[in-house]
Amino acid sequence: MPETRIAVFVADGLEEIEGLTVVDILYRANIPCDTVSITPSTLVTSAHNVRIVCDRTLDDQDFDFASYDMLVLPGGMPGTANLGACEPLCAELVARAAAGRPLAAICAAPTVLAKLGILAGKRACCFPGMEDALSAAGAEVCFEPVVRDGAIITSRGMGTALDFALAIVAFYQGDEAAQALAKAVVKQG
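What counts and how
- Residues numbered from 1 in each chain as written.
- Predicted model: local features only at pLDDT ≥ 70, side-chain atom pairs only at ≥ 80, totals over all residues.
- Heavy atoms only, no water.
- Pairing = 2+ DSSP bridges.
- Helix = DSSP H or I, 4+ residues; strand = E, 2+ residues; numbered from the N terminus.
- Contact = heavy atoms within 4.5 Å.
- Axes fitted to C-alpha atoms, helices over the stretch in contact; angles between N-to-C directions.
- 1 Å grid on protein atoms, 1.4 Å probe; cavity = no way out; pocket = protein on both sides within 12 Å on 5 of 7 lines; lining within 4 Å.
- Points joined across faces, edges and corners; volume = space filled by probe spheres on them.
- Nonpolar A, V, L, I, M, F, W, Y, C, P; charged D, E, K, R; others polar.

Participant: Just checking my understanding: could you explain the sheet that holds strand 2 (residues 33–37) for this structure?
Facilitator: Whether parallel or antiparallel, the strands of a sheet pair through hydrogen bonds between backbone atoms. A sheet is described by the order of its strands in space; here 7 strands give the open sequence 5-2-1-6-7-11-10, paired in mixed fashion. Edge positions in the open sheet fall to strand 5 (56–57) and strand 10 (146–149), since each of these has one partner strand only. Pairing geometry for strand 10 and strand 11 (residues 152–155), over 4 bridges, is antiparallel. For arginine 148, the partnering residue across the bridge sits in strand 11 and is isoleucine 153. Here helix 3 (residues 87–99) sits on the sheet in contact with strand 1 (6–10), strand 6 (70–73) and strand 7 (103–106), set at roughly 130° to strand 6.

Participant: Just to check I follow, could you spell out the layout of surface pockets for this structure?
Facilitator: Sizing a probe to match a water molecule and rolling it over the atoms shows the empty space that remains. Estimates place the volume of the largest pocket at around 280 Å³. Val146, Arg148, Asp163, Leu166, Ala167, Ala170, Phe171, Asp175, Ala178, Gln179, Ala182 and Lys187 together form the lining of the largest pocket. Breaking the lining of the largest pocket down by element, the ones donating at least two residues are strand 10, helix 6 (161–173) and helix 7 (175–184). For the lining of the largest pocket, the element with the highest residue contribution is helix 6, accounting for 5 residues. For the lining of the largest pocket, the per-class residue count stands at 7 nonpolar, 1 polar and 4 charged.

Okay, here's the thing in structure tokens:
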């Protein structure tokens, strides 16, 4: 098992808050992470035309999925569709799910996991209005801000991005650490 290092996959058209909130919170928790572009360029443009410079790309010669303990998928459109069309990423998601390795997806991105068969029999949530994609794939659709079922964490959207990021921290460092970090960033509610 690699050291705890997380990859946040970035596609053109992502919802930037859903990706960057995770990165910010992981850094605050001292959990190493990389932003990984699924395009040949480290420069990615979000759904709202925010330009993001990623740490690396899937095309980097030394890129290795095995370097990461958890893979995180931000949502947004067409970012989610772009993630779902990335064959190397999808193949890795399926392999990791089969091995019980950690995955996380927010907003529309849980539909990528659903379409790959990863959420069958699992509790999961997604962006409102996209629940049919989860239920059609055999998931138990939930409506909490964040749902964890084993090693899979899903969340509903931009407004739940902080809760999602804190759930990832709790997965690795426990609830107490996540609660302390929530207090430090003045999370309300």
